[in-house]
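For reference, the chains in residue letters:
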Amino acid sequence: MIILLSILKYEIKQFLRRPIWIVLFIVSIIFCIVLPRENFTDIYDLPSMVYFVMCINLLYLFYGAEEARFEQRNYLDEQVRNLPYQNKYRLGKLLYWSLISFTYYLIFFVSILSYYLFYLQVGFALSTFQTTFVYTFFIWFIPFFFSTIIGYILYSLLPNISCYLLIIIVWFLIMPYNSMLGFIPTSLGAWLINGDPNITKVISVYDMEIMKVNRGYYVQRSFMLIILVCLYTLLTFNLKKVGRYSLVLLLLFSLCIPYFSPFVPQINNRQTNSNIGQKNFFTETVLLEKATDYTLNNYIFDINHHYSKHNLSYKVKINVSADNSDIQLALLDDFKVKDIKFNNKNVTYIHQDNIIALSLPELHGEITLTAETETYDAIAPTSYELIATTPWYPMNPKEALNPYKNGNVESYQINLSELSSVTTNLEIANDQKLQGEAYGPTILKGNYKEKDNYLYPYSVEIEEIQINKERVFNEIENINDRLAANLAPSCESVIVTTLYPAFSANPSECYLYKNEDINQSNNIFTNVYLNGGDTSLFEAIFNNVIEHESWQNYLKREYDEETITRITSYYKRLSEEQRTQLIQKWYKEMEGTVSAEQMIQDMEDKYAEG
Amino acid sequence: MLKVNQLSKKFKRRIALDETNFILENGTIGLLGPNGAGKTTLLRILATYYEPTSGSIKLNGKDYLKNREIIRQMIGYMPQNIGLFPQLKVKEFLSYIGLMRGIERNDLSGQIDKILQEVNLDNKSNVKITSLSGGMKQRVGIAQAIMHDPQLLLVDEPTAGLDPEERMRFRNLIKKLAQNRIVVFSTHITEDIAMTCDKVLLIKKGIVSKCENIHDVTNLASGKVWSLAADIEAYNRIAADSRAFISQVSEQNEDQIVNCRIIAEEQPHPSAKQAFPNLEEGYMVWLQGN
């Protein structure tokens, strides 16, 4: 131990007497704080420093290479290899590099925290500090340390100028750049990564979800540590043959870890995220009256939330009673169906455009459906929001289109793999199952508070929700006036969501997004008043935005330019009263699914009426 | 006693050292051979830097293979290119190396002072190594190699690049150190060997021959060395003769007469007279004969 401490002492002395690295390290910290300072608003912004952290890693790769070059230039290998404590010297070098990178990390981390605390005057709780510290420890410090070893190993193996080119290539491959650009498959890249494996922003009830270090991180960092230390030891230590072979075996064994580890470091690399929000559900599939004329009941779920893999799977059994054998079920495409059985026999099905079409062998029986999702936005690594008004589970498309008007009460029994931090609209029975009757099951995992029929994220105050709810009611009143309608969601209980950015309602529950600024009125209008089909023209007229260029561009995806021009020109000529009359007509007769031809015809007629 | 038995070293297919056998006792042993002969390889094996491909080495009864760590405490090694931490001061460097040699912390300071006096660097103990001259660095190199009082001292080409005064000083130091240990002194400068060594190991293409004393090497050229004062024409003729090798030349400008020493089996010129050979000439004869 004394020898190791002495080695540290002499290595630090040498470091302090080579000011170039001290200067480079200090300058890098200053740059990393000064350059992005405009973007610092909260402590949650730390992951967005990914580019700067990557640059620091490059600096450490060069530092490691320079350490190896320094040794070679000064013939230190031959000097120390015949010393009795040469292995301790090599171990001491590892400790020294960890000390240098940790000191650097500490100064960097403290500087940034100080910037937040004293300059931006952003306060934070102890738990926030803990999460931040653990995150930066794994995403900043450990990669800095590993980069030094990698740089050292690379220069030891390729001791010439081309090594620096190799370092830059390696840097591209093992940094989050690979996640962005996909030089190597991300499933492999996640294991080689020497930085943040989860650079995509994660929305969650927890503001710091993206900074939560999962088990995959621990496994991946241990995996890298074993590999790097094995390589370093093989390169530098005096070892007997047995020791050398054992290390090679350990190295080979470690390389297999990614193949059998149940935990993965990359929990979030979603290139194909779902587009939830705005509407609960949308399909361009023609819904047939006969195919939606059935009832579903007695849902029995087995749900697994795979925290490390950031996905969710379930198996559900449902009693179905239909009048026709061909039925359509609503289920978001994000939930990939593994198989569907009817009375324990496989049935064929087609799942596309958020609709499952299947043919039942009998009109009454039990459907068993297994599904899994990796892309559904409302599922985060440590939290999720599965809400009753959204077809994350099989439901009748009519209910999915408008849960407020078409919702039915069914009975539910749900087994969850993990019950901690779960809040639900069902009862939690003694055997740890969720059960009860509802318009749909709502399961929220995360830190939610419950008070006076309000269920809301821990970070939101109840007063904010009450104001938000009032605003919803005001909007409903306004929309009712404009449409001459009389819809009135009771909002008996109000559930405030974080991951699901839209308003929706069924007869007993209202789902509000936590932030009232998110286009509430449009959400209410689309999710409560409109049914399925294309309502984009109606929405443009209702919102009085048909003349806006952005809307016109949007409509051009479905309609030709001439049609849009004609609608716009007629719309301009109509008086406010005539517009209101047409809006009310279209809503009353078609709930907004008015065709372009019908719209032009009606506007022509209305204009002709004068 | 250093006992080397059937020692070989291969680098892939190239044989760097071929079935070498010798026994060395205390004293200075010169390791003489041309560039690429295997001198550094042999020293590196003796210094435990390389592992031999086959064969065994015993130092005072301790087997290298079984007692590697103990052996490392028994040897001092000064490589051809001395590994130095340039940012450390002389005393710090020696403390650092001393600790890694396992010298007790309490003994270290006294030991360093003694060694620095021995290598005449006591007034440079607080100078950074990067500021030292080449000769001083060589002396730091020898200091780190002897600070733990090793039983076997290995020095590889230590006098290369030293000025005459430094070289002289260094030879004296080696001579002194060899009084109570084995010193293996590798060089291709025969003068160094002649001035310091008792015995010589001649090495060429990985094959080692041992000579019990310097004269054995010198005698290899006995009767084959000729001195001659020749005109330019005669000199050029001898120089072109593949049977003769000119080992020394000095030109007298005024009358264009060249004094030279020639190694040849037969009298190279009617005026050539036999001369007493020196070590270099013995070594040359050995080289040509092998």
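Residues numbered from 1 in each chain as written. Chains lettered and ligands numbered in written order. Predicted model: local features only at pLDDT ≥ 70, side-chain atom pairs only at ≥ 80, totals over all residues. Heavy atoms only, no water.

An unreviewed UniProt entry lists chain B under the name ABC-type multidrug transport system, ATPase component, with Gracilibacillus ureilyticus given as the organism. UniProt's Sequence similarities (unreviewed entry) comment on chain B is quoted here verbatim: "Belongs to the ABC transporter superfamily." (UniProt positions renumbered as here; feature names shortened; annotations may be inferred.)

**Notes on the pairing of strand 11 (residues 225–231) of chain B**
All names here are of chain B. Inspection of the sheet shows strand 11 paired to strand 13 (residues 257–263) by 7 bridges, in the antiparallel sense. Looking at strand 13, one finds that Asp-231 is bridged to Ile-257. Pairing of strand 11 with strand 14 (residues 273–274) involves 2 bridges; the strand directions are antiparallel. Its bridge partner lying in strand 14, Ser-227 is registered against Lys-273. (Pairing = 2+ DSSP bridges. Helix = DSSP H or I, 4+ residues; strand = E, 2+ residues; numbered from the N terminus.)

**Quick look at the state of the cysteines**
In a disulfide, the sulfur atoms of two cysteines are held together by a covalent bond. All names here are of chain A. Scanning the model with the defined rule gives 1 disulfide over all chains in all. Linked covalently through their sulfurs, Cys-491 and Cys-510 form a disulfide whose S-S length is 1.9 Å. The sign of the S-S torsion, about -80°, decides the handedness of the disulfide formed by Cys-491 and Cys-510: left-handed. Of this pair, Cys-491 sits in the loop between helix 15 (462–483) and strand 17 (493–497) while Cys-510 is found in strand 19 (residues 509–513), placing the two residues 19 residues apart along the sequence. Side by side, Cys-491 and Cys-510 carry an identical accessibility label, which is buried. You can see Cys-230 has no disulfide; the closest cysteine sulfur is in Cys-256, sitting 13 Å from it. (Disulfide = S-S within 2.5 Å. Buried < 20%, exposed > 50% of the residue type's maximum accessible area, 1.4 Å probe, protein only.)

**Details of the packing of helix 15 of chain A against helix 20 (residues 576–590) of chain A**
Residues and elements named next belong to chain A. Two numbers describe how helix 15 lies on helix 20: the axes approach to 8 Å, and their chain directions differ by 100°. It follows from the interaxial angle that helix 15 and helix 20 lie roughly perpendicular. Of the residues in helix 20, those touching helix 15 at Asp-481, Arg-482 and Leu-483 are Thr-580, Ile-583, Gln-584 and Tyr-587. Residues belonging to the contact of helix 15 with helix 20 are distributed by class as follows: 3 nonpolar, 2 polar and 2 charged. (Axes fitted to C-alpha atoms, helices over the stretch in contact; angles between N-to-C directions. Parallel < 35°, antiparallel > 145°, perpendicular 65-115°, else oblique. Contact = heavy atoms within 4.5 Å. Nonpolar A, V, L, I, M, F, W, Y, C, P; charged D, E, K, R; others polar.)

**A closer look at the pattern of salt bridges**
Residue and element names in this part refer to chain B. Using the criterion set out here, one finds 29 salt bridges over all chains in the structure. Arg-72 is the partner of Glu-69 in a salt bridge, and the nearest nitrogen-oxygen pair spans 2.8 Å. In this pair, Glu-69 and Arg-72 both sit in helix 2 (residues 68–74), 3 residues apart, roughly one turn of the helix. Assessed through its relative accessible area of 2%, Arg-72 is described here as buried. Across the salt bridge formed by Asp-113 and Lys-91, the nearest N and O atoms sit 3.4 Å from each other. One end of the pair, Asp-113, is in helix 4 (residues 105–118); the other, Lys-91, is in helix 3 (residues 90–100), and 22 residues separate them in sequence. Taking the relative accessible area as the measure of exposure, Asp-113 reaches 36% and is therefore partly exposed. Lys-91 gets classed as partly exposed once you look at its relative accessible area, which sits at 26%. (Salt bridge = Lys/Arg side-chain N within 4 Å of Asp/Glu carboxyl O.)

**Some points on the domain arrangement of chain B**
Residue and element names in this part refer to chain B. As assigned here, chain B comprises domain 1 (2–212) and domain 2 (220–289). A straight line from the C-alpha centre of domain 1 to that of domain 2 covers 36 Å. Taken together, both faces of the contact between domain 1 and domain 2 bury some 730 Å²; the carbon and sulfur share is 76%. When the buried surface of domain 1 facing domain 2 is broken down by residue, Thr-190, Leu-202 and Lys-204 rank first, second and third, together holding 58% of it. On inspection of domain 1 and its partner domain 2, the count reaches 0 salt bridges. Put simply, domain 1 and domain 2 have 1 residue pair in polar contact (both at pLDDT 80 or more) between them. (Domains from an automatic or database assignment. Buried area = accessible area lost by both parts, 1.4 Å probe. Polar contact = N/O pair within 3.5 Å; in protein donor to acceptor, adjacent residues only side chain to side chain.)

**What to know about the UniProt feature "transmembrane region" (unreviewed entry) in chain A**
Residue and element names in this part refer to chain A. The residues that UniProt annotates with the feature "transmembrane region" (unreviewed entry) are residues 20–36, 48–65, 94–117, 137–157, 164–184, 217–235 and 247–264. From the first C-alpha to the last, residues 48–65 spans 28 Å; its make-up is 89% helix and 0% strand. When the span residues 247–264 is considered, its composition is 72% helix and 0% strand, and the gap between its end C-alpha atoms is 24 Å.

**Re the interface of chain B and chain A**
Contact with chain B, which involves 30 residues of that partner, is made by 27 residues of chain A. For the pairing of chain B and chain A, the buried interface totals around 2800 Å² over both sides, and the portion due to carbon and sulfur atoms is 58%. Per-residue buried area on chain B facing chain A is highest for Tyr49(B), Tyr96(B) and Met100(B); these three make up 23% of the total on that side. One can count 4 salt bridges joining chain B with chain A. Note that Arg17(A) and Glu92(B) form a salt bridge whose closest N and O atoms lie 2.7 Å from each other. Our enumeration of links across chain B and chain A arrives at 12 residue pairs in polar contact (both at pLDDT 80 or more). Listed by contribution, the elements that provide at least two residues to the side of chain B that touches chain A are helix 2 and helix 3 of chain B. The element contributing the most residues to the side of chain B that touches chain A is helix 3 of chain B, with 6 residues.

**Describing the packing of aromatic side chains**
Residue and element names in this part refer to chain A. Applying the stated criterion across every chain yields a total of 65 aromatic pairs over all chains. Each ring, one from Phe-109 and one from Phe-129, has its centre 6.0 Å from the other, and the planes form 40°; the classification is tilted. You can see Phe-109 sitting in helix 5 (residues 86–119) and its partner Phe-129 sitting in helix 6 (residues 126–157), a full 20 residues away along the chain. Residue Phe-109 is classed as buried on the basis of its relative accessible area, which comes to 3%. Considering the side-chain rings of Phe-129 and Phe-133, the 6.2 Å spacing of their centres and the 25° angle between planes classify their relative orientation as stacked. Placement of both Phe-129 and Phe-133 in helix 6 is noted, with a separation of 4 residues, approximately one turn of the helix. A relative accessible area of 31% means that Phe-129 is categorised as partly exposed. The rings of Phe-102, Tyr-105, Phe-109, Phe-129, Phe-133, Phe-137, Phe-138, Phe-141, Phe-145, Phe-146 and Tyr-218 are connected pair by pair, giving a single aromatic cluster. Note that Arg-18 overlies the ring of Phe-70, its terminal NZ or CZ placed 4.4 Å from the centroid. Cation over ring: Lys-212 sits above Tyr-206, and NZ or CZ is 4.6 Å from the ring centre. (Phe/Tyr/Trp six-rings, centres within 6.5 Å; stacked < 30°, edge-to-face > 60°. Lys NZ or Arg CZ within 6 Å of the ring centre and 35° of its normal.)

**Re the side chain of Asp156(B)**
All names here are of chain B. Mapped onto the elements, Asp-156 comes out in strand 7 (residues 152–156). At 3.0 Å, the side chain of Asp-156 forms a polar contact with the side chain of Thr-40. A polar side-chain atom of Asp-156 sits 3.1 Å from a polar atom in the side chain of Ser-186. Asp-156 has contacts with Thr-40, Leu-43, Tyr-77, Met-78, Pro-79, Gln-80 and Ser-186, leaving out every residue within four places of it along the chain.

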